[in-house]
Structures are given as C-alpha cells and as structure tokens.
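Architecture at a glance
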Amino acid sequence: EREAFSKRKASTILKGNMKRMQRVLQGRPSVTFSPLQSDAPPYVKEWCSWLRTHALDVEGLFRISGETKTIAQTMRRVEKGKEVALKDNSNPHLVAGLIKLWLIDLDCPLLTYDLHDTFMAALGEEGTGREVKIARVAEVVSLLPPGCRATFQELVRLMSDIAMHQEKNKMTPHNLAVVFAPMLLRSVTTNLNTLLDANRKANEIVELCIVNWRQVFGLEKPKGLHAKSSAFESEVKRASARLTTSMQQQLLEMMKQEGEAEQQDRAATREEEAQLKDARDKVSRLTAKRKGQSREGSALKSQSGRGSPLRTQQEGARSEERR
C-alpha cells in the first residue's frame, strides 16, 4: 500500500511537470520574475512579512489551501502590476496560497533546472554526515542566480520562523519541506523510480535548509568543512557551466525583448504624433471654415443694413414728388 501511494504521488508530480512544460511550449506568460534581478520580488517580500507578522500561530499554514478562485483572481491583479493591499484581517491561507501559486506558475523552478542534479549530488551517498550535507548544499545555493537566491532565502527564513511555532501551527520543518519541495525542486525525468528518489531527496534538502538556514546562506560559518568528493566537485563544475550558459541566454533574451519594446514604444510614439498632427490639421481646417462663414455672414448683414441701390432710388423719387 505504501509503494502504491508513492507511485500515485509520483504520477501526480510527473503530470504536473508535463503541464508546466506544455505551458512553456505554448508561450503562456508567467508572473514577471527574472533570476538576474538583485532581490526578491517586492510582492513576495510583502507576503512573507505579512505572514510573519500575523499568521505564525495559524494551524496548517501552507498545508491548508485557501479559496482557489480568490487566490487566482488576486494573482491576476499581481500579474497586471496592480497593488494588492493586505489588511490585518486578511485570510492567512489566501496569502500563503499566493506564495504557492507564484512558485508553481514559474516556468523555471526557483532552484532552477540547471542545479537540480547538483542539489541531489550534495546529499552524497548513504551515510554522508549531516555537516557535510549542509556545507555542500550551501555551496550549491551560492551558485543560484541572485534573484533566485534572494527569494529562496526570504522563503526559507519564513519557513524557519513558522517551524519555531510548530506547537501551535503543527507545521514542523519536515511538514513544510513536504509542501515546498515539489515547487522548489522539479525534476524533468519521466522515470518513475528516479522521480520518487528525487522527491525524497528534495524533501531532505529543503528541510536541511529550514533547520540550518543561517549556515546555508552564509550568515554563520558551517560547523565543519565538507569532505572532498570528486563526483560532487565535478557536478558543481558542470552545473556552473550549465548555469552560465543559461544565464547568458536569458540575458540575451532580455536584451532582445527590451530592444523590441523600445521599437514598439518608438512606433507607438510616431503613431501618436501622427494622430495628434491629423487632429490639429482638422481643427485648423474647421477654424478656417468657421471664420470664412463668419465673414460671409457679416458681409450679408452689412449689405442688408445699407439697402439695395434700386430701393434707394425709389425712395429718393418718392421724396422728390412730396416736395
């Protein structure tokens, strides 16, 4: 029964990965986020700060789902760049749901496809010491692009704060890892056994980060140096090369998009100027036409006031007869 459950869970994860890949191929836009940016997105930082202030004691935080329709509507506002104001009495599960939906909707997972195998390799073989794992995971985390690393640190710090209140919220580091690991570390494999193993390791990695987040992010020195491993060191080098190539491609794509955006802006400006010129020309023609009509009306009125020559001659003749 346990094996059947694991296979069903792995099948669900695999289907989710396939759907994400299809969305990428169809060009479905995701929430605006670049791994090359220097900090976590402001809305993610705001959500984390709100949960840290108002919801650390809420039972089942991140495990219990919020109202799906409301979460989707709120996320659409975020995607359009509209402000989403959180109140003191906002639903904590709604805010937690926004974070989960944002992570799910990223075309590339926050911990990147390029570093997936490197994170797996950081755990080493069975029997690898905990301090060695922490040091290796910290080394892989340091390879993350700046935007991904800053956002991951913001999320892990929040998870650590939630775990400190586990007696009330029932969310232990393991429970939080089970929720977040499939969103943070996604495997592209289609092999069921490999996917099950990757899912188990992903849970361990995220839990390791939650419990030891200060060491993982370099705020505290690791308690021990990790043992040298030629296999791990080779994987780190390959990952660095993959990541460098990927970041270069993303940078080129961003530059291309910015160039296209500038061209569109210039074209739109030229179109607006042309429309404005047409409008001014129409106003000038209409003004000139009205002035012409006004002059014609004034001339007719003046002529009517002086009277016609024939009428003036007739009035002069009648005046002579009376005399």
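This text goes with the structure placed above it.
This text gives an overview of the structure that appears in the document.

Observations regarding the packing of aromatic side chains
Two aromatic rings, taken as a pair, are described by how far apart their centres are and by the angle between their planes. Applying the stated criterion across every chain yields a total of 5 aromatic pairs. Each ring, one from phenylalanine 33 and one from tryptophan 102, has its centre 5.3 Å from the other, and the planes form 80°; the classification is edge-to-face. Here phenylalanine 33, found in the loop between helix H1 (2-25) and helix H2 (42-54), pairs with tryptophan 102, found in helix H4 (residues 92-105); they are 69 residues apart in sequence, far enough to count as distant. With centroids separated by 5.4 Å and ring planes inclined at 50°, the aromatic side chains of tyrosine 43 and tryptophan 47 adopt a geometry described as tilted. Placement of the pair is tyrosine 43 and tryptophan 47 together in helix H2, with a separation of 4 residues, close to one helical turn.

Brief notes about the nonpolar core
Among the nonpolar cores identified, the biggest contains 67 residues, and Phe62 and Phe180 are the most heavily contacted of them. With 8 residues, the single largest contributor to this core is helix H7 (residues 146-163). Leaving out residues up to four positions away in the same chain, phenylalanine 62 has contacts with Leu51, Ala96, Ile99, Lys100, Leu158, Ile162, Leu176, Val179 and Phe180.

As for the environment of asparagine 91
Note on placement: asparagine 91 falls in the loop between helix H3 (68-79) and H4. Taking relative accessible area as the criterion, asparagine 91 reaches 39% and is therefore assigned partly exposed. When the C-alpha atoms of asparagine 91 and glutamate 67 are compared, they prove to be 9.5 Å apart, with 24 residues separating the residues in sequence. Within the structure, the side chain of asparagine 91 is placed 2.9 Å from the backbone nitrogen of histidine 93, a separation counted as a polar contact.

Quick notes on unusual backbone geometry
Excluding glycine, most residues fall at negative phi; most peptide bonds, likewise, are trans. A positive phi angle, near 75°, is found at phenylalanine 62, a position not held by glycine. Among the residues examined, phenylalanine 62 registers a relative accessible area of 1% and is labelled buried. Backbone geometry places threonine 112, a non-glycine residue, at a positive phi of 65°. Tracing the sequence through the fold places threonine 112 in the loop between H4 and helix H5 (116-122).

Some words on the packing of H7 against helix H9 (residues 173-184)
Viewed as axis vectors pointing N to C, H7 and H9 meet at an angle of 160°, and their least axial separation amounts to 10 Å. Relative to H9, the element H7 lies roughly antiparallel. The chirality of how H7 crosses H9 is right-handed. On H9, the residues that touch Phe152, Met159, Ile162 and Ala163 of H7 are Pro173, Leu176, Phe180 and Leu184. In the contact of H7 with H9, the residues fall into 8 nonpolar, no polar and no charged.

Quick word on the state of the cysteines
Scanning the model with the defined rule gives 0 disulfides in all. Cysteine 148 takes part in no disulfide bond, and the closest cysteine sulfur, belonging to cysteine 108, lies 6.6 Å away. In this structure cysteine 148 comes out as buried when scored by relative accessible area, which is 2%.

Let's talk about helix H6 (residues 130-142)
Since the α-helix advances by 3.6 residues per turn, residues separated by three or four positions end up pointing in the same direction. Helix length check: H6, at 13 residues, gives a terminal C-alpha distance of 18 Å against a target of 18 Å (1.5 Å per residue), a fit within 8%. Those residues of H6 lying buried are Val132, Lys133, Ile134, Ala135, Arg136, Val137, Ala138, Val140 and Val141.

A word on H4
For H4, which comprises 14 residues, the first-to-last C-alpha distance of 20 Å matches the rise-based estimate of 20 Å (1.5 Å per residue) to within 8%. Of all 14 residues that make up H4, 12 are buried, and the element is covered over most of its length.

Conventions and cut-offs
Residues numbered from 1 in each chain as written. Predicted model: local features only at pLDDT ≥ 70, side-chain atom pairs only at ≥ 80, totals over all residues. Heavy atoms only, no water. Phe/Tyr/Trp six-rings, centres within 6.5 Å; stacked < 30°, edge-to-face > 60°. Helix = DSSP H or I, 4+ residues; strand = E, 2+ residues; numbered from the N terminus. Core = buried A, V, L, I, M, F, W, Y, C linked by side-chain atoms within 4.5 Å. Buried < 20%, exposed > 50% of the residue type's maximum accessible area, 1.4 Å probe, protein only. Contact = heavy atoms within 4.5 Å. Polar contact = N/O pair within 3.5 Å; in protein donor to acceptor, adjacent residues only side chain to side chain. Axes fitted to C-alpha atoms, helices over the stretch in contact; angles between N-to-C directions. Parallel < 35°, antiparallel > 145°, perpendicular 65-115°, else oblique. Left-handed = near helix turned anticlockwise from the far one by under 90°. Nonpolar A, V, L, I, M, F, W, Y, C, P; charged D, E, K, R; others polar. Disulfide = S-S within 2.5 Å. Expected span 1.5 Å × (residues − 1).

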